[in-house]
Amino acid sequence: MSTAAPALAALLAARRSDLAGTILTESTVDAATPFDPLRFEALFGAAGRRFGTIVLGGEATVSDSTAPSWSIATWGLDELARALLIVAGISRIAAADQVTWLDGLHRAGAMRERQAILRCLALLPDPARFVPIALDACRASTQPVFEAIACENPYPASYFPETSFNHMVLKAVFTEVALARILGLATRRSTELARMAADYASERTAAGRSVPADLALVMSR
Amino acid sequence: MKIFDPHIHMSSRTTADYEAMAAAGITVIVEPAFWLGQPRTHVGTFEDYFGSLLGWEPFRASQFGIRHFCTLALNPKEANDERIAEGVVALLPRYLGKDGVVAVGEIGYDEQTPAEDRWFAEQLELAKGFGLPALVHTPHRDKKRGTERSLALVREAGFPEERVLIDHNTEETLPMVLATGCWAGHSIYPKSKMDEARMAALVRQYGSERMIVNSAADWGVSDPLKVPKTVAVMREQGIAEDLIETIVWENPVRFFAQSGRLTLDEAPSTADSWEGNSVRRG
């Protein structure tokens, strides 16, 4: 099981000790029970109404074995519960089937279910396998889904190909998301991203519109 | 007055509609899964449709301060399509447990065929299993018979009548529905179904108990403001405010709250993404 699971479980227990203790057992993620995908999905789906969507806030952070810790203060309690289910549940799926399993969960996911999946991608085993799911979310116009992958999430900077990362940054500017919310942006600045940013600034100027101040953050390498 | 439109197909409507609805006082809506005007030929189309009703459309609604819930089902028309019927109903267990799903529907009759009997009954069983109420469409053609058969099927299934909303009622079907424990929906339409003045007359005759009003606005000639417009006509005709509020707010809340998933306490947040989101930016 991912090293992140106990940390997520502890964060959840600190907020909802009444529900957090049984969620893994009830969802059949617990190694003591045979894994039941439909039972898992029922609990995964119900997490919103059971835990609510209150934002964690405060000092909540998480880390896996390779990345430094990052803040998950913007996660909702439902997202934390669902992330715990995924991080723990994926260990019950054969390694070769894990991508298909998570892709199915994402495809059938309601908005906040998708958000939870995207937020915890970096905590899963061999995270690079899940890039197609993350790119799918980057194309979404459902803004909370886009922000779940683009913002307060170490995954894009660590695993996105350059073109995809650059387009995510431009989309963030375009949708007026503060670039400070993109983790690892400084490590992914590039000549090409600077060119795209400059072109966008030029397009705005030509249209008689203001140039978003955040573009300056990526206009030079 | 807070207004709840418990039946409206927003996937077919524009952001201008959302703006007008919010301005008219509509704060909560339910979007039932239904027929899109032409046959869908692949089960996978429904996965994306259900996904949209659980993701994109609630997000769009939230941008205008409106809470969006949905009901999911194989609709009566497409129950007759052997290419998809079985596969769509097989999909449902994956979706019916999700937050935001407040009933199974629209189920019911279109042409009153054996296939419709079968999938109506099977989906009532699914509703039982998931602890959800049922939203039942009544047919445009042979409506009285279709309503009788719907009520009979609900009774035979042993489905609790107080958890059934029989929709699109007329002067002729309403007494049949009120004689049971089922709730009675009325779709206020520009030309067909029910209109505002007739609705007001029904309220004067039958009162407000288990009475529900909706716009059923979709991709056809219809009007997403029909609930507030009905409120205005009921007021003009001297119907008491508390009676009106029971019909356009308390009743749909009470009916769909039986799902245990009608979360109205946390208001949709518009502050974070008002300027930045891809819908409102234009």
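What counts, and where the lines are drawn
- Residues numbered from 1 in each chain as written.
- Chains lettered and ligands numbered in written order.
- Predicted model: local features only at pLDDT ≥ 70, side-chain atom pairs only at ≥ 80, totals over all residues.
- Helix = DSSP H or I, 4+ residues; strand = E, 2+ residues; numbered from the N terminus.
- Rg over C-alpha atoms; globule rule 2.2 N^0.38 Å.
- Buried ≥ 20, exposed ≤ 12 C-beta atoms within 10 Å, placed from the backbone.
- Contact = placed C-beta atoms within 7 Å.
- Pairing = 2+ DSSP bridges.
- Axes fitted to C-alpha atoms, helices over the stretch in contact; angles between N-to-C directions.
- Core = buried A, V, L, I, M, F, W, Y, C linked by C-beta atoms within 7 Å.
- Parallel < 35°, antiparallel > 145°, perpendicular 65-115°, else oblique.
- Left-handed = near helix turned anticlockwise from the far one by under 90°.
- Nonpolar A, V, L, I, M, F, W, Y, C, P; charged D, E, K, R; others polar.
- Arc of directions from axis to C-beta.
- Right-handed = clockwise from strand over helix to strand, strands pointing away.
- pLDDT = per-residue confidence, 0-100.

This next bit is on the overall build of chain A. Summing up its helical and strand segments, chain A has eleven helices and two strands in all. For 221 residues, the compact-globule formula gives about 17 Å, and the C-alpha radius of gyration of chain A, at 18 Å, lands near that figure. Per-residue burial for chain A yields a buried fraction of 42% across its 221 residues. Taking the intrachain contacts of chain A between residues at least 6 apart in sequence as the baseline, contacts between residues at least 24 apart amount to 65%.

It is worth spelling out the sheet that holds strand β7 (residues 183-187) of chain B at this point. Residues and elements named next belong to chain B. In space, the eight strands of this open sheet follow the order β1-β2-β3-β4-β5-β6-β7-β8, with parallel pairing throughout. At either margin of the open sheet sits one strand with a lone partner, and together these are β1 (3-5) and β8 (211-214). Ignoring which end each strand starts from, the neighbouring axes of this sheet average 25 degrees apart. Bridge analysis of strand β4 (residues 101-108) against strand β5 (residues 134-137) gives three bridges, and the strand direction is parallel. Note on β5: the bridge partner recorded for Ile107 is Val136.

On to unusual backbone geometry, then. Note the cis peptide between B:Gly105 and B:Glu106, where omega equals -10 degrees. As for its placement among the helices and strands, B:Glu106 is situated in strand β4. Here A:Thr28, not a glycine, exhibits a phi torsion of approximately 65 degrees, which is positive. Not every positive phi belongs to a glycine, and B:Lys193 is a case in point at roughly 50 degrees. Mapped onto the elements, B:Lys193 comes out in the loop between β7 and α8 (196-206).

Below, the discussion takes up the nonpolar core. As a rule of thumb, soluble globular proteins bury nonpolar side chains together. Ranked by internal contacts, the top residues of the largest apolar core, which has 143 residues, are A:Leu8, A:Leu80, A:Leu84, A:Leu85, A:Val87, B:Leu72 and B:Ala134. Among all residues touching B:Ala134, those that are not within four sequence positions of it are B:Ala103, B:Val104, B:Gly105, B:Ile107, B:Leu124, B:Ala127, B:Phe159, B:Arg163 and B:Val164.

Our next topic: the packing of helix α1 (residues 4-15) of chain A against helix α4 (residues 77-89) of chain A. Residues and elements named next belong to chain A. Taken N-terminus to C-terminus, the directions of α1 and α4 make an angle of 150 degrees; their axes are 9 Å apart at the nearest point. One finds that α1 runs roughly antiparallel with respect to α4. In this structure, the crossing between α1 and α4 has a hand that is left-handed. Every residue of α4 that contacts α1 at Ala4, Ala5, Leu8, Ala9, Leu11, Leu12 and Arg15 is listed here: Leu77, Leu80, Ala81, Ala83, Leu84, Val87 and Ala88. A class-by-class count of the residues in the contact of α1 with α4 yields 13 nonpolar, no polar and one charged.

Attention now goes to the interface of chain A and chain B. Tallying the contact residues gives 20 residues for chain A and 23 residues for chain B. At the level of secondary structure, the elements contributing two or more residues to the side of chain A that touches chain B comprise α3 (37-51), α6 (111-119) and α8 (143-150) of chain A. When residues of the side of chain A that touches chain B are assigned to their parent elements, the largest contribution, seven residues, is made by α3(A). Classifying every residue of the side of chain A that touches chain B by side-chain character gives eight nonpolar, seven polar and five charged.

With that out of the way, let us pick up the packing of helix α7 (residues 131-139) of chain A against α8(A). Residues and elements named next belong to chain A. Running from N to C, α7 and α8 point in directions that differ by 135 degrees, and their axes come no closer than 8 Å. Relative to α8, the element α7 lies oblique. Here the hand of the crossing between α7 and α8 comes out left-handed. Between α7 and α8, the contacting residues are Ala134, Ala137 and Cys138 on the first element and Val145, Phe146, Ala148, Ile149 and Ala150 on the second. Looking at side-chain class alone, the contact of α7 with α8 contains eight nonpolar, no polar and no charged residues.

Residues and elements named next belong to chain A. Burial in helix α5 (residues 98-107) covers these residues: Leu102, Leu105 and His106. With its buried residues spanning 100 degrees around the axis, α5 presents them on a single face. Structurally, α5 contributes buried residues whose contacts are with α6 and α7.

Residue and element names in this part refer to chain B. Most of β4 is tucked away, with eight of its eight residues classed as buried. By the bridge criterion, three bridges tie strand β3 (residues 67-72) to β4 in an arrangement that is parallel. Paired with Cys70 across the strands is Val101, a residue of β4. Once you follow β4 into helix α5 (residues 114-130) and on to β5, the crossover reads as right-handed.

A word on the environment of A:Asn153. Looking at where A:Asn153 falls in the secondary structure, it is placed in the loop between α8 and α9 (155-159). Remark: the alpha-carbon pair of A:Asn153 and A:Leu183, spanning 30 residues in sequence, is separated by 6.0 Å.

On to the confidence of the model for chain B, then. Residues and elements named next belong to chain B. Averaged over all residues, the pLDDT of chain B equals 93, while 94% of them reach at least 70. Note that residues 267-278 has pLDDT below 50 and, in this model, 19 contacts with residues that lie over four places away or in other chains. Interface confidence for the predicted complex, given as ipTM, is 0.86, next to a pTM of 0.90.

The side chains of a regular strand alternate, first on one face of the sheet and then on the other. Residues and elements named next belong to chain B. Of the two faces of β5, the one carrying Ala134 and Val136 and the one carrying Leu135 and His137 are both buried. Inspection of the sheet shows β5 paired to strand β6 (residues 164-166) by three bridges, in the parallel sense. Bridge pairing in β6 places Val136 opposite Ile166. Viewed along the sheet, the connection from β5 through helix α6 (residues 143-157) into β6 turns out right-handed.

This brings us to the environment of B:Leu225. Its place among the elements puts B:Leu225 in the loop between β8 and α9 (226-236). With residues near it in sequence (within four places) discarded, B:Leu225 still touches B:Ala20, B:Met21 and B:Ala24.

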